[in-house]
4 protein chains.
Amino acid sequence: MKIPNDAKGVYVIAPTPFHPDGRIDDASIDRMTDFFIASGVTGITVLGQLGEAPKMEHAESVAIVKRVIGRAKVPVVVGVSAPGFAAMRALSRDVMGLGAAGVMIAPPNTLRTDDAIAQYYRQAAEAIGADVPFVIQDYPLTFSVQMAPAVIRRIVAENPSCAMLKHEDWPGLEKISALRAWERDGSMRHIPILCGNNALFLDFEMERGADGANTGYCFPDMLVDVVRLSAQGKRDEAHDLFDAHLPLIRYEQQPGPGLAVRKYVLMRRGIIASDTLRKPGAALTPAAREEVDYLLARLAKRDPRARV
Amino acid sequence: MKIPNDAKGVYVIAPTPFHPDGRIDDASIDRMTDFFIASGVTGITVLGQLGEAPKMEHAESVAIVKRVIGRAKVPVVVGVSAPGFAAMRALSRDVMGLGAAGVMIAPPNTLRTDDAIAQYYRQAAEAIGADVPFVIQDYPLTFSVQMAPAVIRRIVAENPSCAMLKHEDWPGLEKISALRAWERDGSMRHIPILCGNNALFLDFEMERGADGANTGYCFPDMLVDVVRLSAQGKRDEAHDLFDAHLPLIRYEQQPGPGLAVRKYVLMRRGIIASDTLRKPGAALTPAAREEVDYLLARLAKRDPRARV
Amino acid sequence: MKIPNDAKGVYVIAPTPFHPDGRIDDASIDRMTDFFIASGVTGITVLGQLGEAPKMEHAESVAIVKRVIGRAKVPVVVGVSAPGFAAMRALSRDVMGLGAAGVMIAPPNTLRTDDAIAQYYRQAAEAIGADVPFVIQDYPLTFSVQMAPAVIRRIVAENPSCAMLKHEDWPGLEKISALRAWERDGSMRHIPILCGNNALFLDFEMERGADGANTGYCFPDMLVDVVRLSAQGKRDEAHDLFDAHLPLIRYEQQPGPGLAVRKYVLMRRGIIASDTLRKPGAALTPAAREEVDYLLARLAKRDPRARV
Amino acid sequence: MKIPNDAKGVYVIAPTPFHPDGRIDDASIDRMTDFFIASGVTGITVLGQLGEAPKMEHAESVAIVKRVIGRAKVPVVVGVSAPGFAAMRALSRDVMGLGAAGVMIAPPNTLRTDDAIAQYYRQAAEAIGADVPFVIQDYPLTFSVQMAPAVIRRIVAENPSCAMLKHEDWPGLEKISALRAWERDGSMRHIPILCGNNALFLDFEMERGADGANTGYCFPDMLVDVVRLSAQGKRDEAHDLFDAHLPLIRYEQQPGPGLAVRKYVLMRRGIIASDTLRKPGAALTPAAREEVDYLLARLAKRDPRARV
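To keep things clear, this report deals only with the structure shown in the data block. Here the structure is a predicted model, which is why all the values come from computation and not from measurement.

### Some remarks on the relation of the copies chain C and chain B
Between the two copies, chain C and chain B, the superposition gives an RMSD of 0.0 Å; the rotation angle is 180 degrees and the shift along the axis is 0.0 Å. The relationship between the two copies is best expressed as a two-fold rotation axis. Using C-alpha coordinates, one finds that chain C approaches the rotation axis most closely at Pro83(C), a distance of 3.7 Å. When the interface residues of chain C are mapped onto chain B, 100% of them again lie at the interface, so the same face is used by both copies.

This is the structure we're talking about:
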């Protein structure tokens, strides 16, 4: 099952659950995968930046992918970003063999010109093989690479295997509008645009033409609802639900502690057994933990389903 | 009136109002200044990054400062960041002569080591004169300079004229806690910490020990209330008010379009006459304008005083 | 006298001579200007990065330009890079009124996409006025902005007042070849390309199609000879002379101490009276001074005219 | 054989020879290793940045290390820099098991404070194991991380397994002086300092207190001689030899094409069979190749042993 050209909904970014001693927690992977499916996600992305991909050895990465694919009934995309094409190719080859729907590639943070970015994706696409669908990860806040809309169009045009945009530019609303306008006027072929950046602008991104979310906020079930309500044109209801979660979304979107927040909430929700991060990740301080608890308590009042 | 050592409350970051043709709009400066005072701010910072400081000629900068100081009844801090110490000294000298309470200095974005940052502030303090109180602007998102807590402590220790921290690191909650802990254990003298970054974390920053806000969100009157409620220990009320504004705060915090949002809302509120930005700033697109209108309409339902 | 479209030879980058107490040293400016003319330079660029431009107040900048223009018999280009267009426009206006041949503009180091770079130069050209010839300064090592050849071509195409490229990309030989190939095939109009980066690759840059040098190495008289020999096709002689200077060129090209090296040698040559830098520049350490002395002694053996 | 505390001489950075189709060329590895030993190097560093490390799969990396260790009679250091500690630990474990003398670790280019750099090396040292000697790679030009001298001292103090500094800061002469002064006054324990950056300042680095070179310039035999002459106090002879090579050193030091220059010369010297680079590396253009040929021809006149 490859990434479909009409992908929409929520491709949830899966964290990697660890035991307190740092070993991978298979039972939590299974429980989490089941939870995602039950929440209505339409896809799962594993081994992204917030899946702690760079902290895994190759064999571990392959094992995680195998486990999730074996259990999920939706397309599974695998992050394969690497400092060199050899590791990228090796992981792509192995996970596509296991049935992955495609791979996700972020640009190395040294790229500084449009030409350099376009060349990088051409070479990456060639390295992994022209038959492997890939997702562009456009996340300047983390990767320091800024892709103008014209660069994305160029990558899409030059690489038939480019299958999706994980849009997490910030600010990024005008970029969605620009890309969709080009699709309408025929100067760019359609690709699904799913949005990341912890959903901080999901409310308006949907209205600008995004097809859904590709992020891992600790209430992916809410993301599914926001995307659905928005697609149905129920603007106020979509925003009402979104706004109820925004204080926590904002708190979880912090670079650095954000992933610890996410794992902590997923643990409190009973989805994963431990909120352990591998190094160099750090646990929440007691003060931060109390703040998250407070946000959860407030959230439960506004979104009763969000009671933990 | 110099920056007091017990500064607290809201030092609002003032935008610079222009006529549609780009000339400075004196009447709007007056109206805006009066509005700030009526809103209960305890200080005003002019010519910050979002005051479009680099777009002003020296004489214009001096005229703006003179006008605001002449009208405000609170300390006025002036942004004097410049690529060289000559321009910094010239503006500091002129505005201190007009009665400014102090100046604000951001680090040039080429600094990369603790030593380099500390040296920069020593040389800047020497350049402007040891009698001129200065505010450290710690805003890595814009300036790409990361100041570890120990660097801030060092700047404070090495420069008696360091009078305040404009804290807008992100994530930054643990930094506030670290600095306050050092004040408590006596390893750092007290300086006021006022928070920027469009107030995106003001709710928790207050609880971590901040003294207030130093930002220009388009409802500074609300910032005054949040700071007051939080200082009074009315946690839930502070968060309730803050959360009502968070969708718009988040929208205004976007780098780039954020200032256009701010000016647009201030114009809609009748505080400034035009939302014009000088180049290279751009106006809001029609889509963005509609989104802000929608956010304002929603806000008015949750915070009736925020009706525009 | 505007920058001619067939500019060639050496546009020397002039340092700004200071008295030991930091005041501008007019007598040294005069002596230095005379020396440059006597050395055969075809132009002089003042207030560049290594002219310590950001350390000058506006009135000082104008006075320096006035003094050099009044004495030089060659085109004088003035660096006007600034964090905002207001200061850039003000300085351009004043120096063009004094008879400058054009201005030089470096990009702010926050630009990250081809579109952003092109837009910046359009807005800058508009700000200073369409009748003011400007030089693109392409120096990624210092400014962190990488301009692909296509971006330079675009700036040239979009701005009739773009009059020269100060090429100091590194590595940059292929860029010269690419631009010259476009001129030959008619897809780009001709502009002079003069090379900077302390002449570290001047030998080969000339052979790739550059028109000369635009840098301030402490023996500009040698640069004049290398450019002449190379233009005459005397390859071996050009390299022989260049190689004799390369150990010192390399030493002076160091970011940071490089300018102190340059001023120290110019002082030892009797061209300026003091090697003082304004802060944040630092003097050479005794060890570095001894190294420069040693390099000068060795140089004098290989290039007898370089005896100091 | 672990990295000795009195390491000196030349630890040559080995390129990775490929066949024209990109496969690893074992025969060239053997010939190159023998050549290094015959040249008098005191150590070999494999899988550095210019060993194209990120382009190798794990198994390939291990095979290369095994082959070199099996043949070399000197300590072999292995670059293990990786975006995560898992891959770093895996490679360290495997190569130490094969008899490597230690590993080399470069900082990820996101580190921006002294504390963050120090913490990174603590965690890396813990990840690879306290018994594994490691080399700090201090190369801001490539990695964008600036380590103040005090940070290096701190890393050395905090990690007993820190065994060497690969110094390639630029400018970096004062850093060597600072570190050696601290060793003399007892505030820092001794570690060997070997210099990289293609030896561009090796002449003076030796005089400032460096113990040798750790770079891969295409005439490592010359590096051995320069280090020896300098250590013997034969200053003029060391500089004479160095200066003869400087035009080519400078040409090879260019980021990007530099590695292609190096491989091309090693191929012309008959040491490796092909100058192939794996992607994203590119071959030299014909113009560049001609320039290198010209430099080699000139070099042969000044250093007869450098005839190729």
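### Points about the pairing of strand S1 (residues 9–13) of chain D
Residues and elements named next belong to chain D. Burial analysis of S1 places five of its five residues in the buried class, which makes it a mostly covered element. Relative to strand S2 (residues 43–46), S1 is paired through three bridges, and the arrangement is parallel. Its bridge partner lying in S2, Tyr11 is registered against Gly43. Following the chain from S1 across helix H1 (residues 26–39) to the adjacent parallel S2, one finds a crossover that is right-handed.

### Points about the pairing of strand S4 (residues 102–105) of chain D
All names here are of chain D. Here S4 shows two buried faces, one formed by Gly102 and Met104 and the other by Val103 and Ile105. Taken together, the three bridges between strand S3 (residues 76–79) and S4 define a ladder with parallel strand orientation. Across the sheet, residue Val77 finds its bridge partner in S4, namely Gly102. Of the strand pairs in this sheet, S4 and strand S5 (residues 134–138) are connected by three bridges, and their pairing is parallel. Bridge pairing in S5 links Ile105 to Ile136.

### Looking at the packing of aromatic side chains
Applying the stated criterion across every chain, the model contains 34 aromatic pairs over all chains. Centroid distance Tyr120(D) to Tyr121(D): 5.8 Å. Interplanar angle 90 degrees. Geometry classified as edge-to-face. Considered together, Tyr120(D) and Tyr121(D) belong to a single accessibility category, that of buried residues. Among the aromatic residues, those joined into a ring-pair cluster are Phe85(A), Tyr120(A), Tyr121(A) and Phe134(A). A cation over an aromatic ring shows up here: Arg153(D) above the ring of Trp182(D), its NZ or CZ 3.7 Å from the ring centre. Of note, Arg250(D) hangs over the ring of Phe201(C), and the distance from its end group to the ring centre comes to 4.7 Å.

### Details of the sheet that holds strand S8 (residues 212–213) of chain B
Strand pairing in a sheet relies on backbone hydrogen bonds, with the paired strands running either antiparallel or parallel. Residues and elements named next belong to chain B. Pairing is parallel around the closed barrel formed by eight strands, whose spatial order is S1-S2-S3-S4-S5-S6-S7-S8. With three bridges joining them, strand S2 (residues 43–46) and strand S3 (residues 76–79) adopt parallel strand pairing. Bridging across to S3, Ile44 finds its partner in Val76. Strands S3 and strand S4 (102–105) of the sheet are contacted by helix H3 (residues 85–97), whose axis makes an angle of about 155 degrees with S4. Packing against the sheet, helix H6 (residues 149–158) makes contact with strand S5 (134–138) and strand S6 (162–167), and its axis sits at approximately 170 degrees to S5.

Cut-offs used in this document
Residues numbered from 1 in each chain as written. Chains lettered and ligands numbered in written order. Predicted model: local features only at pLDDT ≥ 70, side-chain atom pairs only at ≥ 80, totals over all residues. Heavy atoms only, no water. Least-squares fit on C-alpha atoms with pLDDT ≥ 70 in both. Contact = heavy atoms within 4.5 Å. Buried < 20%, exposed > 50% of the residue type's maximum accessible area, 1.4 Å probe, protein only. Helix = DSSP H or I, 4+ residues; strand = E, 2+ residues; numbered from the N terminus. Pairing = 2+ DSSP bridges. Right-handed = clockwise from strand over helix to strand, strands pointing away. Phe/Tyr/Trp six-rings, centres within 6.5 Å; stacked < 30°, edge-to-face > 60°. Lys NZ or Arg CZ within 6 Å of the ring centre and 35° of its normal. Axes fitted to C-alpha atoms, helices over the stretch in contact; angles between N-to-C directions.

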